[in-house]
Amino acid sequence: MPLIAKVATSVSKTAAALSRAAGRGDGSVIGGWIGLKIDPDLLAHLASGRAVALVSGTNGKTTTTRLTAAAVGVLGRVATNSFGANMPTGHTSALAKEGHTPFAVLEVDEHYLAQVIDATRPRVVALLNLSRDQLDRAKEVAMMAQLWKTALAGHPEIKVVANADDPMVVWAAGNSPQTTWFSAGQRWHDDSFVCPESGHPIERADGDWWCTGCPLRRPRPHWAVEDEGVIDPRGDWHLVKLQLPGKVNIGNAATALAVAGEFGVRPIEALPRLARVASIAGRYAQVDRDGRNIRLLLAKNPASWLEAFDMADQAPTLLSINARDPDGLDTSWLYDVDFSPLRDRPVLITGDRAYDLAVRLQVNQVPFRHVKTFDEALRSVPPGRLEVIANYTAFQDIRAELDRVN
Ligand SMILES: [Zn+2]
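Conventions we followed
Residues numbered from 1 in each chain as written. Predicted model: local features only at pLDDT ≥ 70, side-chain atom pairs only at ≥ 80, totals over all residues. Heavy atoms only, no water. Helix = DSSP H or I, 4+ residues; strand = E, 2+ residues; numbered from the N terminus. Rg over C-alpha atoms; globule rule 2.2 N^0.38 Å. Buried < 20%, exposed > 50% of the residue type's maximum accessible area, 1.4 Å probe, protein only. Contact = heavy atoms within 4.5 Å. Areas by Shrake-Rupley, 256 points an atom, 1.4 Å probe, with all protein chains shown as cover. Lys, Arg positive; Asp, Glu negative; His and termini not counted. Charge placed at Lys NZ, Arg CZ, Asp CG, Glu CD. Donors = N, O, S within 2.8 Å, 3.2 Å for Na, K, Ca; no water. Tetrahedral: all angles 85-135°; square planar, octahedral: opposite > 155°, others 65-115°. Pairing = 2+ DSSP bridges. Axes fitted to C-alpha atoms, helices over the stretch in contact; angles between N-to-C directions. Phe/Tyr/Trp six-rings, centres within 6.5 Å; stacked < 30°, edge-to-face > 60°. UniProt positions renumbered as here; feature names shortened; annotations may be inferred. Polar contact = N/O pair within 3.5 Å; in protein donor to acceptor, adjacent residues only side chain to side chain.

Before going further, it helps to examine the overall build of the chain. Secondary structure summary: the chain contains 14 helices and 17 strands in total. What you see for the chain is a C-alpha radius of gyration of 21 Å, in line with the 22 Å of a compact globule of 406 residues. A principal-axis box enclosing the C-alpha atoms of the chain has dimensions of 60 × 55 × 40 Å. Across the 406 residues that make up the chain, the buried fraction comes to 54%. The contacts of the chain with a sequence gap of at least 6 include a subset with a gap of at least 24, amounting to 67%. Summed over its atoms, the accessible surface of the chain is roughly 17400 Å², and 51% of this surface lies on carbon and sulfur atoms. Side-chain charges in the chain split into 44 positive and 46 negative, and the spacing between the mean points of these groups amounts to 6 Å.

On to the coordination of the zinc ion. Around the zinc ion, the protein supplies Cys 195 (SG), Ser 198 (OG), Cys 211 (SG) and Cys 214 (SG) as donor atoms, at distances of 2.2 Å. For the zinc ion, the four donor atoms are set out with angles of 98 to 115° between them, so the coordination reads as tetrahedral. Overall, Ser 198 belongs to the partly exposed group, its relative accessible area being 28%.

With that out of the way, let us pick up the sheet that holds strand β12 (residues 286–289). Adjacent strands of a sheet pair through backbone hydrogen bonds, lying either parallel or antiparallel. If you trace the six strands from one edge of the open sheet to the other, you get β12-β13-β17-β14-β15-β16, paired in mixed fashion. The outermost strands of the open sheet, each flanked by one partner alone, are β12 and β16 (369–370). Where strand β14 (residues 317–320) and strand β17 (residues 384–390) come together, four bridges link them in parallel fashion. Bridge pairing links Leu 318 to Val 388 in β17. Contacting β14, β15 (347–350) and β16, helix α12 (residues 354–363) runs over the sheet at an angle of about 145° to β15.

Turning our attention to the packing of aromatic side chains. Taken as a whole, this structure holds five aromatic pairs when the rule is applied. With centroids separated by 5.8 Å and ring planes inclined at 85°, the aromatic side chains of Phe 103 and Phe 263 adopt a geometry described as edge-to-face. In this pair, Phe 103 sits in strand β3 (residues 103–108) while Phe 263 sits in the loop between α9 (246–262) and α10 (267–274), placing the two residues 160 residues apart along the sequence. On the accessibility criterion, Phe 103 (11% relative accessible area) is buried. One aromatic cluster in this structure is built from Trp 305, Phe 309, Trp 333 and Phe 339.

Position of Val 194 relative to the elements: it lies in the loop between β6 (179–183) and β7 (202–205). For the pair Val 194 and Val 366, spaced 172 residues apart in sequence, the C-alpha separation works out to 31 Å. Contacts of Val 194, omitting those with residues within four sequence positions, involve Met 168, Gly 199, His 200 and Ile 202.

As a further point, take the UniProt feature "active site" (unreviewed entry) in the chain. The residues that UniProt annotates with the feature "active site" (unreviewed entry) are Asp 330. Positionally, Asp 330 belongs in the loop between β14 and β15. Asp 330 gets classed as partly exposed once you look at its relative accessible area, which sits at 31%. Separated by 2.8 Å, the side chains of Asp 330 and Ser 332 make a polar contact.

Dropping the structure here:
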C-alpha cells in the first residue's frame, strides 16, 4: 500500500477505537470517514489483493452478508462489516480493522453499489431484491434497478449472483455475461407489477413470472429453496438447519451458498457454519425475562413486514413504530402492509407513532391494545413466547431496554 494509505488506515483504526472507548457505538462510520478524508482512495487500497463479494438489496442484506461470510470462512479469514455499516465509510473501516485477509464479504447500501464496485473490484456481486423503502429518502424502485444495470454494464468480469424471483433484479442483472440465478421466493409483489423494460404488466403463476409484452421472464434458477433445504446447480438437495427463523432465512442461506459457490465452497462444507449463526446485531435474538421468551424481529419497510409475519410464531406480538430520522419520517407506508395475518393473535402496540399504527390496524380490522412501555407489554402477556416486531429505532430502543435489565 502507498504510505498515505498506511497512515490513513492507522488513523482510521485509532479513531474507531477511540469512538468505541467513548461509548459512541462501534466507531466504524467515524473511523472510515477520517480514513477516507486522509486518502480518498483508501477503500480501493484496502480492497486490493482480496477476493471481494458484495451483497446488496432492499431487504435481507445484513443477514445474507453474515451467512455468506460464515460460508466463505471455509477457505480462510474474511473481513466483513458485520454491524451493518453499509456505506463506503463502513467498508473502509471494516477492512482497516481486520488487517489483511484473503477474502472480504461486504453488505452494500443499494444506492452505493456502483461506487463500491468501482472501488473494490469485486469478484462476486449478489443482488437480493428491490422494493419500496423509506419514502422520503429512497429512490423509486425502477430508478434503483436502472442504477444497478448501469453499474454492472461497465464490469463484465463480475460474477453476478441474482434473485430469479424478482423481475427488477432480473432486469438489472440480465445483461451481465456471468450470472448465477437463485430462487429464494418473493413474498412482496407490489413493486414489480410492471415490466421495467417495456411497461407491460407482469403475470405470475406457480412461482413463475413473465412479461406480457417483451421477452423478460423468470430465468431458470441454478440454486433454489425446496422444502427445508436448497437444491444446488448439480441438482443435489441439502437440508438447511438454521437457528434463524422462517423460510426467508432459508432463502438467505441459499443466496449465501450460491455466493460461496463462486469462490469454490461446497454446500456440505458451508452448511455447518451457517447453522452456528444465532443472531445478527440483535436481530432474531431471544431474551428470557419474567418467564417470557422475547424474540426480536426487525422490520423496516413493507416487504420486510410481510417477512416478519412469516417468521413470527403464532403468539402474542408487540409491534413498535417510530418515525425518527433513521426510520424515515413518513409513516404512510403502514398502509402498504397488510396486517391481517395478525388478526387471530393478541396484538400490543407501542412506540412514538403507535397511534399511526392504531389507525392502520383499525382499518385493517386487527384488534390491538396500546401499551406505554415495554414493561407494560411484558406484564400484559402470559408466560411463554412474546414476538416483538419493530422498525429501526424502535428496535434499538427495545434492545437497549433489554440490555439494561439483563
Ligand atoms: Zn416487458
